[in-house]
Amino acid sequence: KGGQWERALALLEGMQNKKHSLTPNVKTYGAAIMACASANGGGQWERAMELLAEMQAKHGIAPNVIIYNSVIVACEKGGGQWELALQLLEED
């Protein structure tokens, strides 16, 4: 579970390549962000934040409560990035 975050990100990226040309949605981004939050060794909070920004800027996908929660969990597990978590709470 916790070691599968890299695979989840590869699947997200792979679905967007020219061969498949699938458009991700809030559920696919949510799964990838939650995988980052579940990563072994403290979470991949930086990558979770990047995915949050990417889904909005690149695809125009509005984050929902589940997305924000997953990013906040990643921030918490990633060395106590509580300031970032508070910023996310203020955004929503």
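My aim in this report is to walk through the structure given alongside it, one point at a time. Quick caveat: nothing in here was measured; it's all calculated off a predicted structure.

### Describing the overall build of the protein
Reasoning step 1: Looking only at helices and strands, one finds 5 helices and 0 strands in the protein.
Reasoning step 2: Seen in sequence order, the protein has helices and strands lined up from the N terminus as α-α-α-α-α.
Reasoning step 3: Expected size for 92 residues packed as a compact globule is a radius of gyration near 12 Å; at 13 Å, the protein falls within 12% of this value.
Reasoning step 4: The burial tally for the protein puts 38% of its 92 residues in the buried class.
Reasoning step 5: Sequence-distant contacts in the protein: of pairs separated by 6 or more residues, those separated by 24 or more amount to 56%.

### Section: the environment of E50
Reasoning step 1: Mapping E50 onto the fold places it in helix α3 (residues 45-57).
Reasoning step 2: Between the alpha carbons of E50 and I33 there is a distance of 9.3 Å; along the sequence they are 17 residues apart.
Reasoning step 3: One polar contact links E50 to R47, side chain to side chain, over a distance of 3.1 Å.

### Comments concerning helix α5 (residues 82-91)
Reasoning step 1: Along α5, the positions that sit buried rather than exposed are L84, A85 and L88. The buried residues of α5 occupy one face: seen down the axis, they fall within an arc of 100°. More than 90 degrees from the buried face of α5, the exposed residues found are W82, L89 and E90.
Reasoning step 2: Check the buried side of α5 and you find it contacts α3 and α4 (65-77).

### Observations regarding the pattern of salt bridges
Reasoning step 1: As enumerated under the stated definition, the model contains 2 salt bridges in all.
Reasoning step 2: E13 serves as the salt-bridge partner of R47, at 3.4 Å between the closest nitrogen and oxygen. With R47 in helix α3 and E13 in helix α1 (residues 5-15), the pair connects residues that are 34 residues apart, well separated along the chain.
Reasoning step 3: Its relative accessible area of 18% is what places R47 among the buried residues.
Reasoning step 4: For E13, a relative accessible area of 48% corresponds to the partly exposed category.
Reasoning step 5: Residues joined by salt bridges that share partners form a network here, namely E13, R47 and E50.

Scoring rules and cut-offs
Residues numbered from 1 in each chain as written. Predicted model: local features only at pLDDT ≥ 70, side-chain atom pairs only at ≥ 80, totals over all residues. Heavy atoms only, no water. Helix = DSSP H or I, 4+ residues; strand = E, 2+ residues; numbered from the N terminus. Rg over C-alpha atoms; globule rule 2.2 N^0.38 Å. Buried < 20%, exposed > 50% of the residue type's maximum accessible area, 1.4 Å probe, protein only. Contact = heavy atoms within 4.5 Å. Polar contact = N/O pair within 3.5 Å; in protein donor to acceptor, adjacent residues only side chain to side chain. Arc of directions from axis to C-beta. Salt bridge = Lys/Arg side-chain N within 4 Å of Asp/Glu carboxyl O.

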